[in-house]
Amino acid sequence: MTPSPQAPHPFDRLTPDVVVDALASVGLMADGRLMTLNSYENRVYLAYLERGTPLADAHPAVVLKFYRPGRWSAAQIAEEHTFAAELMAAEVPVVGPLHLNGRTLHEFDGYAFSVSPRRGGRAPELDDPEALEAIGRFLARLHGVGAAAPFAHRPAINAQTYGHAPRDWLLAQGAVAPEVRSEWAELSENAIQIAAASASPTSDGGHFDSDINPIATLRLHGDCHPGNILWTPLDVPGGGPHFVDLDDCRSGPAVQDLWMLLSGERHDQQRQLGALLDGYEQLREFDRRELALIEPLRTLRLIHYSAWLAQRWGDPAFPAAFPWFGTADYWRGQVHMLTEQIEAMQSPPLVA
């Protein structure tokens, strides 16, 4: 897959001058230091503020996030910001956007953007039970807020949105390498069916919404992997995790925000899960039935991720960062992983 040179991407116009001018449009003046931060979905920049200008004393540096055009509606972005505000009001350590001129979402030169305070930290040590237990406690608090009200505009994580829809798009666009297209199509359909059935023995299409003793869904972080947690030592004031990047917040089962923190062999994941739940259940009950959703959710994410990459291939940042995507070897690897996931979904789930 190669992007068309005749099709400029909307982010092509987002030059450093535009970023600085966007910041000035909300009353903040950059001192000239601007750094691009790691993000593929959106464009994110660290900007240092001039001394003596508004907010500079409280926030010497801020983070600007320019949303990918056409991905989220204004209502969906507003729900992200409202969720972040609710979490911060409950003292859950989430980095949310600043209110500037009475708003958190701004527009400049056709771009929607937000401005957030900079937070320091590093990725957490997932081999440290104390760190995992602390993360579990804060996730329980996050989910307590998330369960208080539903999203009205944000989509859910289920077999349709993360399975059937991306699978159908990939096949319709001819994105799957012809060498393995038929095999991938058959395996992915089989995997989605197993994932949907695993969601609940009585659920309707894997939506976790059976009328009989349903598995609860709530507002989630949605993309809670180690890269979206900033960790500071527990022995310093305010230490522990800070959750960043609510861009993928959606509705789904609580375990969605736990399973991406598990890695390694089964015994490693078992130990990590135990530490997370030790912390989580100090503050919130966890439905053990959700453990059976870990491998189905992992399987659906594989399919969703392939479509995510393919749908953004016209963005020059993607071919540069993911040069292996779309090759026959990539799709052979997907066939292999789907085969493994089908086996994993049919094996006993982790226990805790």
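Counting restarts for each chain, with residues numbered from 1 along the sequence as it is written. Local features are withheld for residues below a pLDDT of 70 in this predicted model, meaning they are given only at 70 or higher, and side-chain atom pairs are given and counted only at 80 or more; totals for whole chains, interfaces and linings count all residues. Side-chain calculation: all heavy atoms of the structure are included, whereas hydrogens and water are not.

**Details of the pattern of salt bridges**
We apply this condition: Salt bridges are counted wherever a side-chain nitrogen of Lys or Arg sits within 4 Å of a carboxyl oxygen of Asp or Glu. Put simply, DSSP marks the helices as runs of H or I at least four residues long and the strands as runs of E at least two long, and each gets a number from the N terminus on. A 1.4 Å probe rolled over the protein chains alone gives each residue an accessible area, and that area as a share of the maximum for its type sets the label: buried under 20%, exposed over 50%, partly exposed in between.
What the rule picks out here adds up to 22 salt bridges. Linking arginine 71 and aspartate 247 is a salt bridge whose minimum nitrogen-to-oxygen distance equals 2.4 Å. Here arginine 71 is found in the loop between strand E3 (61–66) and helix H2 (74–89), whereas its partner aspartate 247 is found in the loop between strand E8 (240–243) and strand E9 (251–252), with 176 residues between them in sequence. Judged by relative accessible area, which is 1%, aspartate 247 ranks as buried. Among the ionic pairs, aspartate 287 bridges to arginine 289, the shortest N-O distance being 2.7 Å. Its relative accessible area of 25% is what places aspartate 287 among the partly exposed residues. Linked through salt bridges whose partners overlap, the residues forming this network are Glu41, Arg43, Lys65, Arg68, Arg71, Glu80, Arg154, Asp247, Asp248, Arg312 and Asp315.

**Considerations on the packing of helix H8 (residues 294–311) against helix H10 (residues 328–345)**
Describing two packed helices takes the angle between their axes plus the distance from one axis to the other. To be explicit about the condition: All axes are obtained by fitting lines to C-alpha atoms, using only the stretch in contact for helices, and the reported angles, taken between N-to-C directions, cover 0 to 180 degrees. These descriptions rest on fixed angle ranges, namely under 35 degrees for roughly parallel, over 145 for roughly antiparallel, 65 to 115 for roughly perpendicular, and the rest for oblique. Each crossing gets its handedness from the near helix: less than a right angle anticlockwise from the far helix is left-handed, clockwise is right-handed. Contacts were defined at the residue level, with two residues in contact if any of their heavy atoms lie within 4.5 Å.
At their nearest, the axes of H8 and H10 sit 9 Å apart, and the two run at 160° to each other. It follows that H8 is roughly antiparallel to H10 by the angle criterion. For H8 against H10, the interelement crossing comes out left-handed. Across the interface between the two elements, Glu295, Pro296, Arg298, Thr299, Leu302, Ile303, Ser306 and Leu309 from H8 touch Tyr330, Trp331, Gln334, Met337, Leu338, Gln341, Ala344 and Met345 from H10.

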